[in-house]
Amino acid sequence: PPTAGWTQLGGGTFAQHVGTCGGLPGCNAAGSINAWNGGAFDPASNCLILFGGGHGDSWYSGVDRYCLGTQAWENLFPYTSPPIDPAICNPIDANGDPVSRHTYGMQAFIPAGHGRTAGYLWIYGGSAACQTGTFQQDVWLFNLSLRRWEPQGDNLPGNPGRSFLYCDYDPVSDSVYCMGGPS
């Protein structure tokens, strides 16, 4: 922007980008944005990557990005399946991918390098898309080149699941660090 302050960006709203999800139940783009969600910024592509929804706000589990250079939204991974049973807090959907969840600040961008040929969106836990929103403790990587989820299991054995963590990637140690958050 030519001056300091807020700047209106193009590309429309997230709700306009998502639309109706082909009529799948639980698609609520406004709920996905308004829920306790975060994103991760990819400085190489100059894009903000979003994933999340939440237990009662939205079951939208697509992965999307907004690129500042093009001022356009792009869907990287479609919302294809609502939770298996909203009464049960299963962390995966019928396709084996993570269900929508309140992600809070528990996302990080991991760039290519250190033996990786692609950048990744890293997510941890969150409050799953179900009636009670049980905190999860699973870790997932979304491969931005292959556009698919890769489960990492429970990388914090014994952790009861958390919320409201704030996470970021440290390029020196090639690790994601998190702080805060009640269990």
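Whatever comes next refers back to the structure up there.
These notes cover the structure that comes with them. (Residues numbered from 1 in each chain as written. Predicted model: local features only at pLDDT ≥ 70, side-chain atom pairs only at ≥ 80, totals over all residues. Heavy atoms only, no water.)

1. Side note on the nonpolar core
Using the following cut-off: What we call a nonpolar core is a set of buried Ala, Val, Leu, Ile, Met, Phe, Trp, Tyr and Cys residues that are connected through their side-chain atoms within 4.5 Å. Using a 1.4 Å probe on the protein chains alone, a residue whose accessible area is under 20% of its type maximum counts as buried, one over 50% counts as exposed, and one in between counts as partly exposed. To qualify as a helix, a DSSP run of H or I must reach at least 4 residues; to qualify as a strand, a run of E must reach at least 2; elements of each kind are numbered from the N terminus. When checking whether two residues touch, look at their non-hydrogen atoms; a contact exists if any pair is within 4.5 Å.
Counting residues in hydrophobic clusters, the biggest one holds 13 residues, and the most contacted among them are Val-63, Leu-121, Phe-142 and Trp-149. Residue assignment for this core shows that the elements contributing at least two residues are β2 (47–51), β4 (72–77), β7 (120–128) and β8 (135–143). Setting aside residues no more than four positions away along its own chain, Val-63 makes contact with Ile-49, Leu-50, Phe-51, Glu-74, Asn-75, Leu-76, Phe-77, Leu-121, Phe-142 and Trp-149. Counting 12 residues, the second largest nonpolar core, distinct from the first, contains Tyr-120, Val-139, Leu-165 and Cys-167.

2. Considerations on the packing of aromatic side chains
Rules: Aromatic rings from Phe, Tyr and Trp, with only the six-membered ring used for Trp, were paired whenever their centres fell within 6.5 Å, and each pair was classed as stacked if the ring planes differed by under 30 degrees, edge-to-face if by over 60, and tilted otherwise.
Following the criterion strictly, the structure yields 9 aromatic pairs and no others. Relative to Phe-142, the ring of Phe-77 lies with its centre 5.8 Å away and its plane at 75 degrees, an arrangement referred to as edge-to-face. On the criterion of sequence distance, the pair formed by Phe-77 in strand β4 and Phe-142 in strand β8 is long-range, its members being 65 residues apart. Of the residues examined, Phe-77 reaches a relative accessible area of 14% and is grouped as buried. Note on Phe-142: relative accessible area 0%, which makes it buried.

3. With respect to the environment of Pro-83
Residue placement: Pro-83 occurs in the loop between β4 and β5 (101–102). C-alpha separation for the pair Pro-83 and Asn-95, spaced 12 residues apart in sequence, amounts to 9.9 Å. Apart from residues lying up to four places away in sequence, Pro-83 is in contact with Trp-59, Val-99 and Ala-129.

4. Some details on the state of the cysteines
As a reminder, the rule being used: Here, the term disulfide refers to a pair of cysteine sulfur atoms separated by no more than 2.5 Å.
Applying the stated criterion across every chain yields a total of 3 disulfides. Here Cys-47 pairs with Cys-67 through a disulfide, and the sulfurs are 2.0 Å apart. In this structure the cystine formed by Cys-47 and Cys-67 twists about its S-S bond by roughly 100 degrees; its chirality is therefore right-handed. With Cys-47 in strand β2 and Cys-67 in strand β3 (residues 63–67), the pair connects residues that are 20 residues apart, well separated along the chain. One exposure class covers both Cys-47 and Cys-67, and it is buried. Between Cys-89 and Cys-130 runs a disulfide, and the two sulfur atoms are separated by 1.8 Å. What sets the handedness of the Cys-89 and Cys-130 disulfide is the S-S torsion sign, and at about 75 degrees it is right-handed. Here Cys-89 is found in the loop between β4 and β5, whereas its partner Cys-130 is found in the loop between β7 and β8, with 41 residues between them in sequence. Judged by relative accessible area, Cys-130 falls into the buried class, the value being 2%.

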